[in-house]
Each structure stands twice: as C-alpha cells, then as structure tokens.
Amino acid sequence: MNYHHHRLHCSHPQHYLVRSQYREKSGHGHVCDLCGGGCSGLIGYRCEACDFDIHEACADHFQPAIYFFAHTWPHSLALGRVADDNRICDLCTEGCPRGSLVYRCVPCGFDVHPLCSTLRAAVRSPLHPQHELGVLTASSLRPGQFYLCSACGELCSGWFYSCGFCGVGLHVNCLNGASAKQRDGGGSQSNSGGGGGDSQSSRVGNTLLDAAVSVAVDAATSSLASAVLDSVVGSDDTAAAEQ
C-alpha cells in the first residue's frame with residue numbers, strides 16, 4: 001500500500017481512505033461527510049466500499065475531539081455518528097440525521113455539526129468595523145428584547161452576532177454583506193418592544209451551515225477556508241447541474 005495516497009481518519013476509522021481528485025463532472029454526486037460541501041473539482045479522500053468522502057482540507061482540520069465556546073469547559077466534544085433520529089445541532093437547531101457525523105458531549109447531550117463548530121465566539125465584520133462582534137443566542141435575551149439585523153433588517157433569531165456597545169445585530173450569513181439589504185440610517189438597535197417571534201428561526205438555521213466557513217476564515221486553516229468555502233458556495237450550482 002502506498003501510504004502517501006492512503007490515510008486513516010477519525011471520521012471513518014474502519015478503513016483506509018484513498019486520496020482522490022474529484023473531477024468537475026463526475027464529482028457532482030460526491031459530498032463531504034464532514035462539512036456537507038460538494039467535492040466536485042477538489043481533492044479529498046474516499047472509501048469506495050462505504051461510499052464515504054471527505055475533503056482533504058476537512059481531513060486535516062477536524063480532529064477526534066474539540067473544545068467549543070458554546071459548550072461549557074471542561075467538557076470536550078467527541079466526533080461520532082448519530083445513532084438515533086431525534087438529534088438537533090445545538091448551534092443552528094437544524095437536524096442531525098441518523099448516521100451523520102457530529103461533535104457531541106455525551107454527558108450533556110450537546111451536539112453540533114462539524115461545520116458549525118468552525119464558528120468563532122467573536123468576529124470582525126466590514127458592516128460594523130468599529131468593534132468586534134460577539135456571538136449571542138436569542139434565547140438569552142431579556143423578555144421582550146430583540147435585535148433586527150443591521151444588514152437585511154430581519155429579526156435575529158437563534159444564534160447571531162452582536163455589538164454590545166452599539167446594539168448592532170447581524171445574522172451569521174449577513175456578516176460580510178453577501179446578503180445585505182442596507183436599511184436607511186445604518187445599524188439597527190436592540191429593541192425592548194414586542195414583535196419578532198421565531199418566524200425566522202428556520203431560515204437562519206438553514207443558512208447557517210452555508211455561511212459557517214466564511215465566518216471561520218480566520219479560525220480555520222487557510223486550506224480549509226479556501227477549499228471548503230468554494231465547495232459550499234458552489235453547492236447550489238452543483239445541485240442544479242445534477243438536475
């Protein structure tokens with residue numbers, strides 16, 4: 001066996017993975033089992049027997065166990081397969097299907113998608129360059145308090161980023177302006193009135209995975225940020241091509 005072209009990985013320890021160059025066309029059907037991004041045109045590792053694929057960058061970045069800001073130290077999270085059908089990611093609140101890979105704290109029942117685990121506790125945004133933004137969850141706000149996203153003007157539900165000094169809130173997917181629909185007058189302030197509800201929770205959860213890598217550019221390795229971001233951004237085009 002040529003070990004330069006094969007490796008074991010904690011996400012699939014039962015078999016050696018073969019280093020593979022996924023072609024632009026034939027790679028459309030392959031998705032990274034760690035981050036969920038497409039493999040088309042990228043280098044990765046594959047187990048043909050199990051139809052298992054991971055990006056090379058993901059294989060280098062994701063470790064068997066991690067510490068994560070959203071779960072209280074000293075508990076670490078271990079990478080493993082979901083064994084039942086009722087798990088959700090505690091960060092984005094989207095489902096963790098049976099058999100999918102998650103980072104989990106077994107004593108606490110805390111789960112997070114591998115890609116969601118690349119999010120940072122604090123980030124910088126060109127939409128609010130004056131201060132660093134900290135991650136916040138809507139469930140921690142005072143009764144009646146809510147934030148409107150300073151980029152798109154919609155309610156900040158679930159996890160989002162905020163500036164405590166200025167009352168600015170930004171959806172994860174609005175941090176870099178990609179989804180920005182700037183409102184007149186600039187940043188939104190936190191509010192103490194009613195309104196809101198959780199009507200946007202599903203939308204925020206659905207977009208969080210796609211946005212996670214761009215938020216984590218400074219946290220992840222440069223190879224992970226470039227390779228996986230390209231695959232995630234192109235996932236919609238890949239799906240269209242398959243149709």
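Reading guide: rules and limits
Residues numbered from 1 in each chain as written. Predicted model: local features only at pLDDT ≥ 70, side-chain atom pairs only at ≥ 80, totals over all residues. Heavy atoms only, no water. Helix = DSSP H or I, 4+ residues; strand = E, 2+ residues; numbered from the N terminus. Buried < 20%, exposed > 50% of the residue type's maximum accessible area, 1.4 Å probe, protein only. Areas by Shrake-Rupley, 256 points an atom, 1.4 Å probe, with all protein chains shown as cover. Pairing = 2+ DSSP bridges. Salt bridge = Lys/Arg side-chain N within 4 Å of Asp/Glu carboxyl O. Core = buried A, V, L, I, M, F, W, Y, C linked by side-chain atoms within 4.5 Å. Phe/Tyr/Trp six-rings, centres within 6.5 Å; stacked < 30°, edge-to-face > 60°.

Draft legend 1. Region of interest: the overall build of the protein. Along its length, the protein carries 4 helices and 12 strands. Relative to its full complement of 243 residues, the protein shows a buried share of 42%. For the protein, the exposed area adds up to about 12200 Å²; of that, 51% sits on carbon and sulfur atoms.

Draft legend 2. Representation of the pairing of strand β1 (residues 6-9) in the model. Where β1 lies against strand β2 (residues 12-21), 3 bridges are found, and the strand directions are antiparallel. Bridging across to β2, R7 finds its partner in L17. Counting the residues in the hairpin turn of β1 and β2 gives 2 residues.

Draft legend 3. Highlighting the pattern of salt bridges. Summed over the entire model, instances satisfying the criterion amount to 8 salt bridges. Notably, a salt bridge pairs D60 with R7, separated by 2.9 Å at the nearest N-O pair. Of this pair, D60 sits in helix α1 (residues 56-61) while R7 sits in strand β1, and the two are 53 residues apart along the sequence. The exposure class assigned to D60 is partly exposed, which follows from its relative accessible area of 45%.

Draft legend 4. Molecular detail of the sheet that holds strand β6 (residues 77-81). Strand order in this open sheet of 4 strands is β5-β6-β7-β8, and the pairing throughout is antiparallel. Of all the strands in the sheet, just β5 (65-66) and β8 (110-112) have a single pairing partner and so form its edges. When β5 meets β6, the two strands line up antiparallel, connected through 2 bridges. In the strand pairing of β6, I66 is matched with L77.

Draft legend 5. The nonpolar core, seen in detail. Judged by nonpolar contacts, the single largest core of 48 residues is most densely connected at L34, I54, L77, L91, V112 and L170. Of all the secondary structure elements, the ones that give two or more residues to this core are β3 (43-47), β4 (52-55), α1, β6, β7 (101-105), β8, β11 (159-163) and β12 (168-170).

Draft legend 6. Geometry of the pairing of β11. Counting buried positions along β11 yields 5 of 5 residues, so the element is predominantly enclosed. Because side chains alternate across β11, one face comprises the buried residues W159, Y161 and C163, and the other comprises F160 and S162, equally buried. The pairing of strand β10 (residues 133-137) with β11 spans 4 bridges and is classified as antiparallel. Counted as the bridge partner of L136 is F160 from β11. Of the strand pairs in this sheet, β11 and β12 are connected by 3 bridges, and their pairing is antiparallel. By the bridge assignment, C163 is partnered in β12 with V168. The hairpin turn running from β11 into β12, its antiparallel successor, is 4 residues long, and G167 in that turn takes a positive phi close to 75°.

Draft legend 7. Just the packing of aromatic side chains, in detail. According to the stated counting rule, one finds 4 aromatic pairs in the structure shown. Here F62 and Y103 contribute two aromatic rings whose centre-to-centre distance is 6.5 Å and whose plane-to-plane angle is 40°, an arrangement assigned as tilted. Remark: Y103 occurs in strand β7 and F62 occurs in the loop between α1 and β5; sequence separation between them is 41 residues. Neither F62 nor Y103 differs from the other in exposure class; each is buried. Clustering of aromatic rings is evident, with ring pairs tying together F68, F69 and W159.

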